[in-house]
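# Architecture at a glance
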Amino acid sequence: MMKGIWVSALALTISLFLTACSQPIDQIWLEQKYSSPVSRFMSIDGNRVHYRDEGVGEPLVLIHGTASSLHTWDKWSQELKSNYRVIRLDLPGFGLTGPDWADRYEIEDDVRLLTAFLARLGVEKVHLAGSSLGGRIAWQLALDYPEKVESLTLLNALGYPQERWPLPIEMAQWPIMDEVMANFSPRFMYESGLKDVYFDDSLVNERLVDRYFELSRYPGNLAAFPKRVQARLDTDASLIPGIRLPTLILWGEEDKYFPVGNAHRFGADIANSRVHVYPDVGHLPMEEVPELSLAHFSAFIRENAAQ
């Protein structure tokens, strides 16, 4: 009898814990905290897309990676907007955009959304940069619409078959666990995950963890995560040699999941490319070494400015 009571109590506790972990944070509060005076929202194919469009000059489009948001480019944008038109957005399923209403998360869906987004902004040709998943989307867009892309920059980008994924992405691809991941995301998982992708743990502060955790709780984002990472993301490496645009490849050498060898594979497969590798840097060069990575990016953009 006593054992049955303890089991029931444990089950109830776990149930309440999971329920608490699945509760979204108030949408209005999140939008007030994580938007800015330059934030805008655009309706595209049934989705309300959060974006920022700052500065004047040649347009640059910056695309973030999995579980991230447009904030990953804050340090770059602060400098670039003095000389360029800097456009960045939250992809569906992340940030303040929230989930795609029809659960469309394949690469071609992102490319379709981005081309519609740029058309609505009246942008005909851009310098395109993408980190991780954003890099995968960027190089696909460059392949599909080379006339729309002036140059391509890839930062620790997806492209080649993955030997392993970060644990949350791995778990979200397992049967049953995908349902758990759609409802369960305690804050400590975000702190642990960030320390896994940053080489320098000291950069993982409370504010950074709060941002990743809280934006994951924007209504619908948590449930969208397993659908996002179950998309076909690393199966089209054979397409990469078709990229003919000027391409810059920036890579953190200590990335545990996107090995530095992939930087050199991109460099070998893309004829008109150059590679910069950063020692003692993990998955996010634009956050971990913003000044150095931005210097390389800015020099590359100047060399490939529209004539």
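For the structure, check the block above.
Scope of this entry: the structure provided in the associated data block.

Calculation criteria
- The numbers attached to residues start from 1 for each chain and follow its sequence in the written order.
- Thresholds applied to this predicted model are a pLDDT of at least 70 for local features of residues and 80 or more for the giving and counting of side-chain atom pairs; totals over whole chains, interfaces and linings are not thresholded and use all residues.
- Water and hydrogen atoms were dropped before computing side-chain values, which therefore reflect all heavy atoms in the structure.
- Segments assigned H or I by DSSP are reported as helices when at least four residues long, segments assigned E as strands when at least two residues long, and all are numbered from the N terminus.
- Residue contacts are counted whenever heavy atoms from the two residues lie within 4.5 Å of one another.
- Surface exposure here means Shrake-Rupley accessible area, sampled with a 1.4 Å probe, where a residue is shielded only by the protein chains that are shown.
- The rule for a salt bridge is simple: a side-chain nitrogen of Lys or Arg has to be within 4 Å of a carboxyl oxygen of Asp or Glu.
- Residue burial is assigned from relative accessible area. The probe radius is 1.4 Å, only protein chains are included, and a residue is buried under 20% of its type maximum, exposed over 50%, and partly exposed in between.
- Criterion used throughout: strands pair if DSSP finds at least two bridges between them.
- Note on handedness: a clockwise path from strand one over the helix to strand two, with the strands aimed away from the viewer, defines a right-handed crossover.
- Stacked, tilted and edge-to-face pairs are distinguished by plane angle, under 30 degrees for stacked and over 60 for edge-to-face with tilted covering the rest, among Phe, Tyr and Trp rings (Trp via its six-membered ring) whose centres lie within 6.5 Å.
- Any Lys NZ or Arg CZ found within 6 Å of a ring centre and within 35 degrees of that ring's normal is scored as a charge over the ring.
- The reported arc concerns the directions from the helix axis to the C-beta atoms and nothing else.
- Definition of a polar contact: a pair of N or O atoms within 3.5 Å, with one able to donate and the other able to accept a hydrogen when the atoms are protein atoms, and with sequence-neighbouring residues admitted only if both atoms are side-chain atoms.
- Here the nonpolar core consists of buried residues drawn from Ala, Val, Leu, Ile, Met, Phe, Trp, Tyr and Cys, with membership extended through side-chain atoms lying within 4.5 Å.
- Axis angles are defined between N-to-C directions and span 0 to 180 degrees, where every axis is a line fitted to C-alpha atoms and, for a helix, only to the segment in contact.
- Here the word oblique covers every angle except those under 35 degrees (roughly parallel), over 145 (roughly antiparallel) and from 65 to 115 (roughly perpendicular).
- For any helix crossing, the convention is left-handed if the near helix is rotated counterclockwise from the far helix by under a right angle, and right-handed if that rotation is clockwise.
- Each residue gets one of three labels, nonpolar for Ala, Val, Leu, Ile, Met, Phe, Trp, Tyr, Cys and Pro, charged for Asp, Glu, Lys and Arg, and polar for the others, Gly among them.

### Some remarks on the overall build of the chain
Helices and strands together make up the secondary structure of the chain, namely 13 helices and eight strands. Of the contacts formed within the chain by residues at least 6 apart in sequence, a portion of 75% connects residues at least 24 apart. For the chain, the accessible area works out to roughly 13,900 Å², and carbon and sulfur atoms hold 56% of it.

### A word on the pattern of salt bridges
Following the criterion strictly, the structure yields 17 salt bridges and no others. Note that K195 and E191 form a salt bridge whose closest N and O atoms lie 3.3 Å from each other. Taken as a pair, K195 and E191 lie in helix α8 (residues 187-197) at a separation of four residues, close to a single helical turn. A residue is classified by how much of its surface remains accessible, and K195, at 32% relative accessible area, is partly exposed. A network of salt bridges, in which partner residues are shared, links E54, D74, K81 and R88.

### As for the pairing of strand β1 (residues 39-44)
In this structure, β1 lies alongside strand β2 (residues 47-54), joined through six bridges in antiparallel fashion. Each residue of the ladder has a partner; that of R40, found in β2, is Y51.

### A short note on the pairing of strand β6 (residues 149-155)
Consecutive residues of a regular strand have side chains that alternate between opposite faces of the sheet. Buried residues dominate β6, accounting for six of its seven residues. Of the crossover connections in this fold, the one passing from strand β5 (residues 126-131) over helix α5 (residues 133-144) to the parallel β6 is right-handed.

### With respect to the packing of aromatic side chains
Under the definition given, this model contains six aromatic pairs. The interplanar angle of 20 degrees and the centroid separation of 4.7 Å between the aromatic rings of W76 and F297 together place this pair among those described as stacked. On the criterion of sequence distance, the pair formed by W76 in helix α3 (residues 74-80) and F297 in helix α13 (residues 290-303) is long-range, its members being 221 residues apart. Comparing W76 with F297, the two get one shared label, buried. On the numbers, 6.1 Å between centres and 45 degrees between planes, the contact of W251 with F266 is tilted. Residue W251 is located in strand β7 (residues 247-252), and its partner F266 is located in helix α11 (residues 260-269); the two are separated by 15 residues in the primary sequence. The exposure class of W251 is buried, given its relative accessible area of 0%. Grouped by ring-pair contacts, the aromatic residues W73, W76 and F297 constitute a single cluster. Geometry around F41 places R48 over its ring, the cationic atom sitting 3.8 Å from the centre.

### Things to note about helix α2 (residues 27-34)
Of all the residues in α2, the buried ones are L30, E31 and Y34. Viewed end-on, α2 has its buried residues packed into an arc of 100 degrees, placing them on one side of the element. Exposed residues lying more than 90 degrees from the buried face of α2 are I28 and Q32. Contacts made by the buried residues of α2 are with β1, β2 and α9 (206-216). Structurally, the start of α2 carries an N-cap: the backbone nitrogen of I28 is 3.2 Å from a side-chain oxygen of D26.

### As for the nonpolar core
Counting 46 residues, the largest nonpolar core has F117, L128 and F266 as its most contacted members. Among residues more than four places away in sequence, those in contact with F266 are W139, L154, A157, L158, G159, Y160, I240, I249, W251 and S273.

### Structural notes on helix α10 (residues 221-229)
Burial analysis of α10 places seven of its nine residues in the buried class, the great majority of the element. Listing the buried residues of α10 in full gives N221, L222, A224, F225, P226, R228 and V229.

### What about the sheet that holds β1?
Reading across the sheet, the eight strands line up as β1-β2-β4-β3-β5-β6-β7-β8 and stay open at both edges, with mixed pairing between neighbours. Because the sheet does not close on itself, it has two edges, and the strands there are β1 and β8 (273-278). With strand direction ignored, the average angle separating the axes of adjacent strands in the sheet is 20 degrees. Each of β1, β2, β3 (59-63), β4 (85-89) and β5 is contacted by helix α4 (residues 107-121), which is oriented at about 115 degrees to β1, the strand it contacts most.

### Structural notes on the packing of α4 against α5
The interhelical angle for the contact between α4 and α5, taken along N-to-C directions, is 70 degrees, at an axis separation of 9 Å. On the basis of their axis angle, the class for α4 and α5 is roughly perpendicular. Between α4 and α5 lies a crossing whose hand is right-handed. Counting all contacts with α4, which are made through I107, D110, V111, L114 and T115, the residues of α5 involved are L133, R136, I137, Q140, L141 and D144. In the contact of α4 with α5, the residues fall into six nonpolar, two polar and three charged.

It is worth stressing that arrangement in space is one thing and function is another; only the former is reported here.
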